[in-house]
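Descriptive structure summary
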Amino acid sequence: MTVTAPSPVLDVATWQSLAAAHAERADAFTAGRRERRSRQQKHAIEDFLFEYYPVTPAALRRWHPGVGVALDTPAPHTEWRWYRTADGTVTLDVDAFLADRGDALRFIHGLLSATLGRPALTGCFGLHEWAMVYRETDEHRHPLPLRLGPDGTDAVVETHKIRCTHFDAYRFFTPDAVELNTLRPTRGSMTAMEQPGCLHAGMDVYKWATKLGPAVPGDLLLDCFELARDIRTLDMQASPYDVTSYGLDPVTIETPEGKAEYVARQRGFAERGNLLRARLVEVCERVLRPAVLTS
């Protein structure tokens, strides 16, 4: 006979403590965003984390125990989508979640697993951001000046080989830059092409965590957000934009020293990203193949 393994149960005091710690950590991550919005002030680096990945500070601070963990009630989760309550506890309703999000979950599992199985490619030097403003005559994507000016920016693009593997970066290349990329990533080729050295693939670990919703425990979600925040900082430091107004030094990828710094940090992010990918793959597999006891 095969039966579903019982979920560990957190008593009210324990899960309330975890939820409070999660909210405090999330609030620290979003303090700048919330304060700037009250003054209608933009931030070219941090706004990306809330606009490209459209998760509000309020949603980020909402704590979930993750798949396979039950909470003693009373708990607000009893009123939340994809939870079920029975015998005084509330837990993720795996069947309901799979019915609604099964296709997305299987895609995420396949993409993250494939990415984990590939080596981290370095040598792109963050040139995707440069390709997004190459020979651009209109307003730039970000309200910051170009560190080398338009001509200097174009010269960097023209004297380097562009090797972008990430479709959601490549699709923002200017028309003149599209043909300069040595690859042709598409939406359909994501699973076949994404690799852990890509900064945007590393930031997207957070995107996939958000799409897995309440199946992801709160600490993992915030770890993914923190990685995206740190990568985004390098992404803009190595970009053609002048970020000194934010108190940041540029990573001058047009120089040997800047290239070396970029690659070293890129490798560190690839390692961090793979650790989080592995945890998200485990979440997917716990939903797709719940633990069973056989007797």
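For clarity, every value in this text was computed on a predicted model and none was experimentally measured.

Before going further, it helps to spend a moment on the overall build of the chain. Looking only at helices and strands, the chain features 12 helices and 6 strands. Its C-alpha atoms give the chain a radius of gyration of 21 Å, near enough to 19 Å, the size a compact globule of 295 residues would have. Once the C-alpha set of the chain is aligned to its principal axes, its extents read approximately 70 × 45 × 30 Å. Here the chain holds 295 residues, and the buried ones make up 48% of them. Taking the contacts inside the chain whose residues are at least 6 apart along the sequence as the reference set, 70% of them involve residues at least 24 apart. Summed over all atoms, the accessible surface of the chain reaches about 14,000 Å², with 53% contributed by carbon and sulfur. When the 34 positive and 39 negative side-chain charges of the chain are each reduced to one mean point, those points stand 2 Å apart.

Now for the nonpolar core. Y206, I253, Y262 and L280 are the most contacted members of the largest nonpolar core, which totals 63 residues. What I253 contacts, discounting residues up to four positions off in sequence, is F125, L127, W130, V156, H160, A238, G258, K259 and Y262. W63, L71, W80 and V90 belong to the second largest nonpolar core, which has 10 residues in total.

Moving on, we get to helix α10 (residues 199-211). In a regular helix each residue adds 1.5 Å, so 13 residues correspond to 18 Å; α10 covers 19 Å between its end C-alpha atoms and thus fits that length. At V205, α10 shows its maximal kink, close to 25 degrees. For α10, the complete set of buried residues consists of L199, H200, A201, G202, M203, D204, V205, Y206, K207, W208 and A209. Just downstream of α10 lies G213, where phi reads positive at about 55 degrees.

Residues with a pLDDT of 70 or more make up 95% of the chain, whose mean pLDDT is 94. Scored below 50 in pLDDT, residues 291-295 shows 13 contacts in the model against residues more than four places distant or in partner chains.

It is worth spelling out the packing of aromatic side chains at this point. By the definition in use, this model includes 12 aromatic pairs. Ring geometry for F107 and W208: centres 5.8 Å apart, planes at 70 degrees, overall edge-to-face. Here the residue F107 occupies a position in helix α4 (residues 94-116), and W208 occupies one in helix α10, the gap between them amounting to 101 residues. For W208, a relative accessible area of 6% translates into the label buried. In this structure an aromatic cluster arises from ring pairing among F29, F48, F50, Y52, Y53, Y206 and F225. Over the ring of W80 we find R62, and its NZ or CZ is 4.1 Å from the ring centre. Its end group placed over the ring of F48, R232 keeps NZ or CZ at 4.3 Å from the ring centre.

Between T73 and the following residue, P74, the backbone shows a cis peptide bond with an omega angle of 10 degrees. Within the element layout of this structure, P74 appears in the loop between β3 (70-72) and β4 (83-86). Positive phi outside glycine occurs at D87, with the angle close to 55 degrees. Take D87: it is sitting in the loop between β4 and β5 (89-92). The backbone of F125 shows a phi angle near 55 degrees, a positive value even though the residue is not glycine. Assignment of secondary structure puts F125 in the loop between α4 and α5 (127-131). A residue is classified by how much of its surface remains accessible, and F125, at 15% relative accessible area, is buried.

Conventions and cut-offs
Residues numbered from 1 in each chain as written. Predicted model: local features only at pLDDT ≥ 70, side-chain atom pairs only at ≥ 80, totals over all residues. Heavy atoms only, no water. Helix = DSSP H or I, 4+ residues; strand = E, 2+ residues; numbered from the N terminus. Rg over C-alpha atoms; globule rule 2.2 N^0.38 Å. Buried < 20%, exposed > 50% of the residue type's maximum accessible area, 1.4 Å probe, protein only. Contact = heavy atoms within 4.5 Å. Areas by Shrake-Rupley, 256 points an atom, 1.4 Å probe, with all protein chains shown as cover. Lys, Arg positive; Asp, Glu negative; His and termini not counted. Charge placed at Lys NZ, Arg CZ, Asp CG, Glu CD. Core = buried A, V, L, I, M, F, W, Y, C linked by side-chain atoms within 4.5 Å. Expected span 1.5 Å × (residues − 1). Bend = angle between axes of the 7 residues up to and from the residue. pLDDT = per-residue confidence, 0-100. Phe/Tyr/Trp six-rings, centres within 6.5 Å; stacked < 30°, edge-to-face > 60°. Lys NZ or Arg CZ within 6 Å of the ring centre and 35° of its normal.

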